[in-house]
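Coordinate analysis (summary)
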Amino acid sequence: MNFRILIVLFSVFFVSLANAVPVSNLYRADIKLPVVGSDDQLLDEAFSQAVEQVLVRVSGDKKAISGDLLKQAQSDAPTWVAQHSVVSLPQLLPVNGELVAGKKVSVIFYRESIDRFLSKNNLPVWGNNRPSVLVWAVSEDNGVRSISGANAPSELLNDLATSAAMVGVPIYAPLVDSVDKSAISPSDIWGFFESSIKQASKRYQTDAVAAMRVTDYAGTVSGTLLVLLDDGTSQRFSLNGDSLQALADQASSDMALVLSTRYAAVRNVAVESRLMIQVSGINSYLALNKVQSYLEQVGVVRDVFVVGAKGDLVTFSVAINGSKQKLINSISLSSLLQIDNTKPIATKSNGVAGEPMVGESVNQVDVPAEPIETFKYSGVQQ
């Protein structure tokens, strides 16, 4: 990806002002390899690299995908492959100081196989609806600090774009226009002044914000990453490596782990956690179907069905993986449902919140007098 493409991508991201971003091809990997052995050896190596890449992307936990667990996954990988294709590369690849012919192996794994392996090993399965992250990056070169962005591209941003895409983290870059320059300085980012960073980030409306500072001294690069979440918490990570790409890889992995911990959950079919939620503002079957379809697509949700309805208030029974808070975190990635802090409408304990909508099938289960959480339907989904 060259700088021109990078600018276009980040400019489009800014215009969209989207919150959560649907990440495609979670279970696919494209592996480029030199042709130095047999076709079988090529495929074995491609499957091994591809399964590691996919497991990291789906779990969000790169450190966990290592050692004996990774070896087991690589051993099983050929049986998880749904389809693959091999094409010759137009460019030569470097091997031991020489240029040799290369091939790209595109691998798609069965989703069920990957998810089952992660769940079996007590690792989370992170869905494709992922939080967006605005990245403020500042580099120090010979004592001069500069911010990277759409109007100020850099090698660091280029490397971040590549590595973040690899782990499935949708990153945005600031424009670094006159508005940004008046709101924040390189020193604000370098010093991790959270209030300044948060204030400057408001115009971009992302789900999370990251600040990264990098210095190159005598050929040694190092840096620090700060991740700011929408609940007011923050985490810092030290970055060290022999190249900017190494630092970008570490930063992307750290961001993925923070976000996976907040939004993903371990799937345990043997244990069911079910709760009731109420959604107000549903005045039609179209709205009802839209809300139910959205809930079904939330990564931590296992199943959802309508319990009852009264007026524009609909009660859903939702089975989830993980905690109630992870469900709320995941729902908050879209503006379709907004938390309603007003007192929920009480319902009878016989299982139906008033009369159901005409033609609506209602499951007869107990409905608590005060559901665990109440939301408002906005009608707008980002």
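All values derive from a computational prediction rather than experimental measurement. (Residues numbered from 1 in each chain as written. Predicted model: local features only at pLDDT ≥ 70, side-chain atom pairs only at ≥ 80, totals over all residues. Heavy atoms only, no water.)

As for the confidence of the model for the protein chain
Mean pLDDT over the protein chain: 88, with 87% of residues reaching 70 or higher. Residue range residues 1-18 is modelled with pLDDT below 50. Its contacts to residues more than four positions away, or to other chains, number 34 contacts. (pLDDT = per-residue confidence, 0-100. Contact = heavy atoms within 4.5 Å.)

Remarks on the pairing of strand β12 (residues 220-228)
For β12, the tally of buried residues reaches seven of nine residues, placing the bulk of the element in the interior. Relative to β12, strand β11 (residues 208-217) runs antiparallel, the two being bridged by nine bridges. Residue Y217 lies in a different strand from β12, and its bridge partner there is T220. The antiparallel pairing of β11 with β12 creates a hairpin that spans two residues between the two strands, and A218 there sits at a positive phi of about 55 degrees. (Buried < 20%, exposed > 50% of the residue type's maximum accessible area, 1.4 Å probe, protein only. Helix = DSSP H or I, 4+ residues; strand = E, 2+ residues; numbered from the N terminus. Pairing = 2+ DSSP bridges.)

Concerning the packing of aromatic side chains
Inspection of the entire model under this criterion finds two aromatic pairs. Between W80 and F117, the ring centres sit 5.2 Å apart and the planes meet at 55 degrees, which makes this aromatic pair tilted. On the criterion of sequence distance, the pair formed by W80 in helix α3 (residues 67-80) and F117 in helix α4 (residues 111-120) is long-range, its members being 37 residues apart. Of the two residues, W80 and F117, neither departs from the other in class, the shared state being buried. Ring geometry for W136 and Y204: centres 6.3 Å apart, planes at 80 degrees, overall edge-to-face. Here W136 is found in strand β8 (residues 133-141), whereas its partner Y204 is found in the loop between α8 (194-201) and β11, with 68 residues between them in sequence. Here W136 and Y204 have matching classes, each one buried. Geometry around W126 places R130 over its ring, the cationic atom sitting 3.8 Å from the centre. Above the face of the F192 ring, R213 is positioned so that its terminal group lies 4.3 Å from the ring centre. (Phe/Tyr/Trp six-rings, centres within 6.5 Å; stacked < 30°, edge-to-face > 60°. Lys NZ or Arg CZ within 6 Å of the ring centre and 35° of its normal.)

As for the sheet that holds strand β2 (residues 28-34)
In space, the three strands of this open sheet follow the order β2-β6-β3, with antiparallel pairing throughout. Strand pairing shows two members of the sheet lacking a second neighbour, β2 and β3 (81-88), which therefore form its edges. Each strand axis lies, on average, 20 degrees off the axis of its neighbour in the sheet, ignoring direction. Sheet topology note: the β3/strand β6 (residues 102-109) ladder contains seven bridges and is antiparallel. Directly across from Q83, in β6, lies its bridge partner I108. Sitting on the sheet, helix α2 (residues 39-59) is in contact with β2, β3 and β6, with an inclination near 140 degrees to β2. α3 rests against β3 and β6 of the sheet, and its axis sits at about 90 degrees to β3. (Axes fitted to C-alpha atoms, helices over the stretch in contact; angles between N-to-C directions.)

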